[in-house]
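Spelled out, the chains give:
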Number of protein chains: 2
Amino acid sequence: MNGKLVIAVRVTIADVAEKAGVSKTTVSRILNGNLDHNTPETIKTVLKVVEELEYRPNALAKGLKSMKTNVIGIVLSNFRNEFWFKVLEGVEDTCKEQGYNLMICNSDGDPKLEEQYIKEFQMRQVDGIVINPTVRNQSLYEKLVANKYPMVVINRKIPSIHANNVVVDNIKGGFMAVNHLLENGRKHILAITFKHENISTWQERIEGYQEALTSHGLTENFYYILEITSLRKANQQIKKYLVDHAMIDGVFSTNNMLTLELIEALKKLDKKVPEDIGIVGYDDTIWAKHINPPLTTIRQPSYDIGKESAKLLINEIKSKESPTIKDIIFQPELVVRESSQEIKMID
Amino acid sequence: MNGKLVIAVRVTIADVAEKAGVSKTTVSRILNGNLDHNTPETIKTVLKVVEELEYRPNALAKGLKSMKTNVIGIVLSNFRNEFWFKVLEGVEDTCKEQGYNLMICNSDGDPKLEEQYIKEFQMRQVDGIVINPTVRNQSLYEKLVANKYPMVVINRKIPSIHANNVVVDNIKGGFMAVNHLLENGRKHILAITFKHENISTWQERIEGYQEALTSHGLTENFYYILEITSLRKANQQIKKYLVDHAMIDGVFSTNNMLTLELIEALKKLDKKVPEDIGIVGYDDTIWAKHINPPLTTIRQPSYDIGKESAKLLINEIKSKESPTIKDIIFQPELVVRESSQEIKMID
DNA sequence: CTGAAAGCGCTAACAT
DNA sequence: ATGTTAGCGCTTTCAG
């Protein structure tokens, strides 16, 4: 009971001013580094009182005046994929560096939720957002752009929207994966992907798949594409497809969660990797090199995507004048491991 | 150029009031569901104007009055472990259900950063926080509790702090893992853990390890404990230990990232799992059942931890009177797969 | 070098 | 049933 008496009272700038025997203005100025106007003396007193009272400026009040909160928001479409954590880590690190705080939400791929969250962020005067869009709220996106609301679209492209965009070259990623399989003696290559009409990501990886086949002189007869309708059904769908198409000797999985399902399916069907079937997955996850056999993957610089997206956003926020819209396209990388090894010639 | 002219002007409650020909009070009341006082007529008009103007109340101004933001914060200590993303998903889902928004940050295990973030959250008038503490800011924690700042501590316990606490029974988890190995014929069991003096998590899992040995009549002579000093050195340290202690026939890994390092080390040493060494990991990650051989693990209900923690926090926030502090202890679960299979008797 | 006063957008007594 | 008014805590002209 001795020592400091702890009472949960909010201490305001007025309290500091009073105790320091100065005006609120003075306190405000000093706390905002606007020191040119003050005696070293007053500065010292004020800072001491601030310390004693443990005064913390109320960010709400501050934001209300300036209409800047130093908060950015991120709208993700799922929390299940390791890829997004790394992106998030990058975003958070940038925030840390630049003195921003971060609000986060999960649209879960639902356009209604996406819209709701974006509006909530705006009501909270969040300075800008990073978003992996559902791509199904076109008029909303257009409105945001028209209002010059600072925004960075990541991972996907939104058709006919002129906004900052940070993506990985998915066509190239698809191409690299499939080209690698072809060069290692595979010929009947299945591409597994998600069925999502508007998502550029999947479309482009498949485009890369097709380009690779074409570049090896293989025509549409050699297109084997399986569109998974939901992660739950993936296992069944993959097994069925492989049974129905016994000629398949290589698989390009466009998503790391699908890759796990693929591996399980192959095990059930008693197909050996890479002897019977070579596989290449997308995203160099933490487990990729530890599974059996170690998985060849397309690596995406997920951390950097997050880091740069946030930088881009904060730059736009800070640049008062009409900001320049930027496209950043990261390059994927092929990480070769055993799962795709060359077919040995039978002697 | 026809149609709506888009101008990025903030529309305030005054604009709505004016256009609807009523006072700000009326608009405010109607928007806050305080409808008893108004004609259906006015309500209709106001709502129509709100719609037309696309008016969104400024949450900053709102919060400034009420000193409630409907935002909670979460302080995590890393973004690298899948476990935390499931927790986060749970927290986010609760926020979604209860109409809260979420701020997130990463202390990265650094007490200084932790302190900074907590203060930032408080300045932003965040209504409460969920935290996986570094456990190295004792006086700060005490102050938060003394000030009755709504808080839920997860995953770890903070010594002599009376705050809401949501954890998993780690002693039991350790016990289950090791007991299982013992019952399957292992006798020289290594426990791999992180060296962190104050973290209850690791201490308790090791406690469970010891209890299991004791319950099987094994004394301290049978304690094999390896404390990893950093994830980077893990591989080396594990290999060295296993070489130096050739009698080891079972390993209990207290952390899922360490498990991956363990598996790699075993592969390098040409030790067969489960024939030479049986292993049990912590956290039933997405890849646990897909690696080779499929991994026996202790599953933690990570999603529920997040979900319940946030519920607890929001309950505390909402309960005006002195809230009851709660402890929630979740139970871990043993998931048996091949990596720990019984040693076959040699005939 | 310092302070008084207005106002950011909203809510909530307190009128009427 | 609706409006007037006084702040919430802060910044920022404008005056001194």
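Note that this is a predicted model, so its numbers are computed, not measured.

**Side note on the sheet that holds strand E8 (residues 250–253) of chain B**
Residues and elements named next belong to chain B.
Step number 1: Within the open sheet, the six strands sit side by side as E7-E6-E8-E9-E10-E12. Their pairing is mixed. In the strand order of this sheet, the two ends are held by strand E7 (224–228) and strand E12 (333–335), each with one partner. Taken pair by pair, the neighbouring strands of this sheet meet at an average axis angle of 20°, ignoring direction.
Step number 2: Summarising the sheet, strand E6 (residues 189–194) and E7 pair through five bridges and their orientation is parallel. Its bridge partner being in E7, Phe194 is matched across the sheet by Ile228.
Step number 3: Packing against the sheet, helix H10 (residues 231–244) makes contact with E6 and E7, and its axis sits at approximately 155° to E7.

**Side note on the protein's contact with DNA strand C**
Step number 1: Near DNA strand C lie 26 residues; those nearest to it are Thr26, His37 and Lys65 of chain A together with Ile13 and Tyr55 of chain B.
Step number 2: Within 4 Å of the protein, the atoms of DNA strand C are drawn from sugar and phosphate moieties in a proportion of 58%.
Step number 3: At 3.1 Å from a phosphate oxygen of DNA strand C is found a side-chain nitrogen or oxygen belonging to Thr42 of chain A.
Step number 4: A distance of 3.3 Å is found between a base nitrogen of DNA strand C and a backbone nitrogen or oxygen belonging to Ala61 of chain B.
Step number 5: Elements represented by at least two residues in the surface near DNA strand C include exactly helix H2 (24–31) and helix H4 (59–66) of chain A together with helix H2 (24–31) and helix H4 (59–66) of chain B.

**Things to note about the side chain of Ser309 of chain A**
Step number 1: Counting through the fold element by element, Ser309 of chain A comes out in helix H12 (residues 302–318).
Step number 2: When neighbours within four sequence positions are excluded, Ser309 of chain A is seen to be in contact with Val130, Val152, Ile154, Val166 and Asp304 of chain A.

**Focus on the UniProt feature "domain: HTH lacI-type" (unreviewed entry) in chain A**
Step number 1: Sites flagged by UniProt as "domain: HTH lacI-type" (unreviewed entry) map to residues 11–66 of chain A.
Step number 2: Along residues 11–66 of chain A the backbone is 68% helical and 0% strand, and the end-to-end C-alpha distance reaches 21 Å.

**So, the interface of chain B and chain A**
Step number 1: Opposite the 53 residues of chain B that make contact, chain A presents 52 residues.
Step number 2: Counting each side, the surface lost to burial between chain B and chain A is near 5,500 Å², with a carbon and sulfur contribution of 58%.
Step number 3: Taken as a group, Leu60, Arg124 and His290 of chain B account for 13% of the area that chain B buries against chain A, more than any other trio of residues on that side.
Step number 4: On the surface where chain B and chain A come into contact, there are four salt bridges.
Step number 5: Linking Lys143 of chain A and Glu54 of chain B is a salt bridge whose minimum nitrogen-to-oxygen distance equals 3.0 Å.
Step number 6: At the junction of chain B and chain A, the tally comes to 26 residue pairs in polar contact (both at pLDDT 80 or more).
Step number 7: Every element with two or more residues in the side of chain B that touches chain A is listed here: H4, helix H5 (82–98), strand E2 (101–106), helix H6 (111–123), helix H7 (138–146) and helix H11 (256–268) of chain B.
Step number 8: By the bridge criterion, three bridges tie strand E2 (residues 101–106) of chain A to E2 of chain B in an arrangement that is antiparallel. By the bridge assignment, Met103 of chain A is partnered in E2 of chain B with Met103 of chain B.

**Notes on the pattern of salt bridges**
Step number 1: A full pass over the atoms with the stated rule returns 34 salt bridges over all chains.
Step number 2: Among the ionic pairs, Arg299 of chain A bridges to Glu333 of chain A, the shortest N-O distance being 3.9 Å. Taken as a pair, Arg299 of chain A in strand E10 (residues 296–299) and Glu333 of chain A in strand E12 (residues 333–335) lie far apart in primary sequence, 34 residues in all.
Step number 3: For Arg299 of chain A, a relative accessible area of 35% puts it in the partly exposed group.
Step number 4: For Glu333 of chain A, a relative accessible area of 43% translates into the label partly exposed.
Step number 5: Between Lys48 of chain B and Glu52 of chain B there is a salt bridge, and its shortest N-O distance comes to 3.6 Å. In this pair, Lys48 of chain B and Glu52 of chain B both sit in helix H3 (residues 40–53), four residues apart, roughly one turn of the helix.
Step number 6: Residue Lys48 of chain B is classed as exposed on the basis of its relative accessible area of 54%.
Step number 7: Bridged by salt links that share partners, the residues Asp284, Arg299, Glu333 and Arg337 of chain A form one connected network.

So, how was this worked out
- Every chain is numbered on its own, with residues counted from 1 as its sequence reads.
- Chain letters start at A and ligand numbers start at 1, both assigned in the order the entries are written.
- Local features in this predicted model are restricted to residues of pLDDT 70 or higher, and side-chain atom pairs are both shown and tallied only at a pLDDT of 80 or more, whereas totals for entire chains, interfaces and linings draw on every residue.
- Computation of side-chain values: all heavy atoms of the structure, hydrogens and water removed.
- Should DSSP find at least two bridges between two strands, the strands are regarded as paired.
- Strands are runs of DSSP state E lasting at least 2 residues, helices are runs of H or I lasting at least 4, and numbering of each runs from the N terminus.
- To obtain each axis, a line is fitted to C-alpha atoms, and for helices this fit is confined to the stretch in contact; angles are then taken between N-to-C directions over 0 to 180 degrees.
- What makes two residues a contact is simply this: any of their non-hydrogen atoms within 4.5 Å.
- We call a residue near a given molecule or strand whenever any one of its heavy atoms falls within 4 Å of it.
- Any pair of nitrogen or oxygen atoms within 3.5 Å is treated as a polar contact; in protein, a donor-acceptor pairing is required on top of that, and neighbouring residues in sequence qualify only through side-chain atoms on both sides.
- UniProt positions are given in the numbering used here, feature names are shortened, and annotations may be inferred rather than shown by experiment.
- Buried surface area refers to the total accessible area, computed with a probe of radius 1.4 Å, that the two partners give up upon joining, counted for both partners together.
- We define a salt bridge as a side-chain nitrogen of Lys or Arg found within 4 Å of a carboxyl oxygen belonging to Asp or Glu.
- Relative accessibility decides the category of a residue: with a 1.4 Å probe and only protein chains considered, values under 20% of the type maximum give buried, values over 50% give exposed, and everything between is partly exposed.

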